[in-house]
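Now for the letters of each chain:
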Amino acid sequence: MTDVTISSEIGAKIKNIRIKQDITQESLAYAANISLSSIKKIEKGEIKSFDSLLRVLRILGKLDIFQPLIEEEQLTPSEYYDLVNSAKKKIRKRASGKLNNDKKEESEW
């Protein structure tokens, strides 16, 4: 699908959702705090502003379609194991702080 086709499909879907919820374009524009012309453009597939799209989807209760994009990916058990082991390997070891008095050298001073 081309970008234009995808935008048109999204616009048509938004229009259908709005109509099923018995919301007018005017009331949707008011609730989303965007202009009526923006609503009309979005429904035609002319989606220029992502912010406006988010506002419309929020009012229509369809913002959850973006949930897969914002969820953190779950690690597989083997990925988690590798991550933990790589973190353990990077731990720096520090000196014990004890002086070795057995090999005390005389200073020339």
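Anyway, here's the lowdown on the structure attached to this text. Predicted model only: the values in this text are computed from it and were never measured.

**Thoughts on the overall build of the protein chain**
Consideration 1: A tally of regular secondary structure across the protein chain gives six helices and zero strands.
Consideration 2: Secondary structure elements of the protein chain occur, N-terminal to C-terminal, as α-α-α-α-α-α.
Consideration 3: For the protein chain, the proportion of its 109 residues judged to be buried stands at 18%.
Consideration 4: Contacts in the protein chain between residues at least 24 apart in sequence constitute 47% of all its contacts with a sequence separation of at least 6.
Consideration 5: Working note: accessible area of the protein chain is about 9,900 Å², and carbon and sulfur atoms make up 52% of it.

**Section: the environment of K13**
Consideration 1: Residue placement: K13 occurs in helix α1 (residues 3-20).
Consideration 2: Sequence separation of K13 and E43 is 30 residues, and the distance between their C-alpha atoms is 8.0 Å.

**Details of the pattern of salt bridges**
Consideration 1: Scanning the entire structure with this criterion turns up two salt bridges.
Consideration 2: In this structure, the salt-bridge partner of R55 is D51, at a minimum N-O distance of 3.0 Å. Of this pair, R55 and D51 both sit in helix α4 (residues 50-60), separated by four residues, roughly a single helical turn.
Consideration 3: Given a relative accessible area of 42%, D51 falls into the partly exposed group.

**Let's talk about helix α3 (residues 36-44)**
Consideration 1: Every buried residue of α3 is accounted for by I39, I42 and E43. End-on view of α3: buried residues confined to an arc of 95°, all on one side of the axis.
Consideration 2: Those residues of α3 hidden inside the fold are in contact with α1, α2 (25-32) and α4.
Consideration 3: Positive backbone phi, approximately 95°, marks G45, located one or two places after α3.

**Some details on the nonpolar core**
Consideration 1: In this structure, I14, L28, I34, I39, V56 and L60 are the most contacted members of the largest nonpolar core, which totals 14 residues.
Consideration 2: Taken together, the elements giving at least two residues each to this core come down to α1, α2, α3 and α4.
Consideration 3: Excluding residues within four positions of it along the chain, L60 makes contact with I14, I17, R18, Q21, I23 and L28.

**Digging into a nonpolar patch on the surface**
Consideration 1: A surface patch of nonpolar side chains, amounting to about 300 Å² of accessible area, comprises M1, I6 and I10.
Consideration 2: If you trace the backbone, M1 turns up in the segment before α1.

About the cut-offs
- Residues numbered from 1 in each chain as written.
- Predicted model: local features only at pLDDT ≥ 70, side-chain atom pairs only at ≥ 80, totals over all residues.
- Heavy atoms only, no water.
- Helix = DSSP H or I, 4+ residues; strand = E, 2+ residues; numbered from the N terminus.
- Buried < 20%, exposed > 50% of the residue type's maximum accessible area, 1.4 Å probe, protein only.
- Contact = heavy atoms within 4.5 Å.
- Areas by Shrake-Rupley, 256 points an atom, 1.4 Å probe, with all protein chains shown as cover.
- Salt bridge = Lys/Arg side-chain N within 4 Å of Asp/Glu carboxyl O.
- Arc of directions from axis to C-beta.
- Core = buried A, V, L, I, M, F, W, Y, C linked by side-chain atoms within 4.5 Å.
- Patch = residues over 30% accessible without salt bridge, like charges linked within 9 Å, V, L, I, M, F, W, Y side chains within 5 Å.

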